[in-house]
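Coordinates in review
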Amino acid sequence: MEIQKGILVVISGFSGSGKGTVMKELLKRYPSDYALSVSATTRLPRDGEVEGREYFFKSVEQFEKMIANDELIEYAKYVSNYYGTPKAYVEEQLSEGRNVILEIETQGALNIKRKFTGTPLIFLTPPDAQTLYDRLVNRGSEPMEVIASRLRRAVEEAELVDQYDYRIVNDDLDQCVEEVHGLIQSVRDRVFANRKFAEHIKADLLQILKGER
Ligand code: 5GP
């Protein structure tokens, strides 16, 4: 029988690790398998970013209202802005059988792991520190002081990498996308095989207990 349900997956990576590009490519290649959660943030849109596609852009007041109304699964502050995952979309997509990817920073990731035990945490890294620096500078979307803050944050985030379940190096885009896809599929297959086994054996044991066998 085809397994229809999806799982929640967390992907983190230093700013400049290329995770946005990897996610876009993953969704392009396997559109029916994945849904990428769109977060709310108080940071300003970058050139080319569209409301509701990259983020839902909010004022601090609006964001704090979302927190108070319990509309977020998790949220965190990252380089002086709020970022959070809206609950409704995630629940809807999971129930429709898609794997929902949360592309979030490390604090949020660890909160998800505490809340939904068993959620796989994947960390995407650039091949080395110099590549990370070059990517951030070449992106040209942030002034040098913001780049420096993001690099300082990367140093802090490096401390938490050991709490992740998997680490994937993003050197070659094509290879990285396939590695992420293969990993998620295998985790999902294992989760659902275990769940199916548990359901069967539970039903059989209950029958035996009732004396029906
Ligand atoms: P950026 O400003 O570069 O788009 O994102 C900055 C960081 O915030 C990235 O590490 C990104 O993964 C993270 N982020 C984006 N959305 C969320 C979210 O909903 N929750 C948390 N905790 N982090 C997020």
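Not measured: the values here are computed from a predicted model. (Residues numbered from 1 in each chain as written. Predicted model: local features only at pLDDT ≥ 70, side-chain atom pairs only at ≥ 80, totals over all residues. Heavy atoms only, no water.)

1. So, the sheet that holds strand β2 (residues 34–36)
The strands that make up a sheet are held in pairs by hydrogen bonds between backbone atoms, and each pair lies either parallel or antiparallel. Cut-off, in case you're wondering: Any two strands are treated as partners once DSSP identifies two or more bridges connecting them. Only DSSP runs of H or I covering at least 4 residues are called helices, and only runs of E covering at least 2 are called strands; the numbering of each starts at the N terminus. Where helices are involved, their axes are fitted lines through C-alpha atoms of the stretch in contact, as for all axes, and angles between N-to-C directions lie from 0 to 180°.
Strand order in the open sheet formed by five strands is β2-β7-β1-β8-β9, and the pairing between neighbours is parallel. In the strand order of this sheet, the two ends are held by β2 and β9 (166–169), each with one partner. Pairs of neighbouring strands in the sheet enclose a mean axial angle of 25°, with direction left out of account. In the sheet, β2 pairs with strand β7 (residues 99–103) via three bridges, with the strands oriented parallel.

2. Observations concerning the environment of Leu-151
Under the convention used in this document: Exposed residues in this analysis have more than 50% of their type's maximum accessible area, buried residues have under 20%, and partly exposed residues fall in between, with area computed by a 1.4 Å probe over protein chains only. Residues are treated as being in contact if the distance between any of their heavy atoms lies within 4.5 Å.
Positionally, Leu-151 belongs in helix α6 (residues 144–158). Leu-151 gets classed as partly exposed once you look at its relative accessible area, which sits at 24%. Remark: the alpha-carbon pair of Leu-151 and Arg-188, spanning 37 residues in sequence, is separated by 33 Å. Setting aside residues up to four positions removed in sequence, Leu-151 forms contacts with Leu-132, Tyr-133 and Leu-136.

3. Regarding the side chain of Arg-43
Note the cut-off: Definition of a polar contact: a pair of N or O atoms within 3.5 Å, with one able to donate and the other able to accept a hydrogen when the atoms are protein atoms, and with sequence-neighbouring residues admitted only if both atoms are side-chain atoms.
With respect to the helices and strands, the residue Arg-43 is situated in the loop between β3 (39–41) and β4 (55–57). Within the local environment of Arg-43, its side chain forms a polar contact with the side chain of Glu-49, the two groups lying 2.8 Å apart. Setting aside residues up to four positions removed in sequence, Arg-43 forms contacts with Glu-49, Tyr-55, Phe-57, Asn-81, Tyr-83 and Arg-150.

4. A look at the packing of aromatic side chains
Defined as follows: Note on ring pairs: Phe, Tyr and Trp rings are taken, using the six-membered ring of Trp, and paired if centres are within 6.5 Å. Classes follow the plane angle, with under 30 degrees stacked, over 60 edge-to-face and the rest tilted. Criterion for a charge above a ring: Arg CZ or Lys NZ at most 6 Å from the ring centre, at most 35 degrees from the ring normal.
In total, this model carries eight aromatic pairs according to the counting rule given. Here Phe-14 and Phe-123 contribute two aromatic rings whose centre-to-centre distance is 5.1 Å and whose plane-to-plane angle is 75°, an arrangement assigned as edge-to-face. Of this pair, Phe-14 sits in the loop between β1 (8–13) and α1 (19–29) while Phe-123 sits in strand β8 (residues 121–125), placing them 109 residues apart in sequence. Just as Phe-14 is buried, Phe-123 falls in that class too. Consider the rings of Tyr-78 and Tyr-83, whose centres lie 5.8 Å apart with planes at 85°: the pair is edge-to-face. For the pair formed by Tyr-78 and Tyr-83, the shared burial category is buried. An aromatic cluster is built from Tyr-55, Phe-57, Tyr-78 and Tyr-83, whose rings are joined through pairwise contacts. Here the basic side chain of Lys-77 rests over the ring of Tyr-82, its NZ or CZ set 4.8 Å away from the ring centre.

5. Here's the deal with the site of the ligand
The condition that has to hold: Neighbouring residues are identified by heavy atoms, a residue being near a molecule or strand if any of them is within 4 Å of it. In this description, accessible areas are obtained by the Shrake-Rupley approach with a 1.4 Å probe, and a residue is regarded as covered only by the protein chains that are shown. Amino acid classes used here: Ala, Val, Leu, Ile, Met, Phe, Trp, Tyr, Cys and Pro are nonpolar; Asp, Glu, Lys and Arg are charged; the rest, including Gly, are polar.
Taken together, 16 residues sit near the ligand, with Ser-39, Arg-43, Tyr-55, Tyr-83 and Glu-105 positioned nearest. Arg-46 is positioned such that a nitrogen or oxygen atom in its side chain is 2.9 Å from an oxygen atom of the ligand. Contact between the ligand and Tyr-83: an oxygen atom at 2.6 Å from a side-chain N or O atom of the residue. Within the complex, 96% of the 510 Å² of free accessible area of the ligand lies under protein. Every element with two or more residues in the shell around the ligand is listed here: β5 (72–78) and β6 (81–86). Of the residues assigned to the shell around the ligand, the class counts are five nonpolar, four polar and seven charged.

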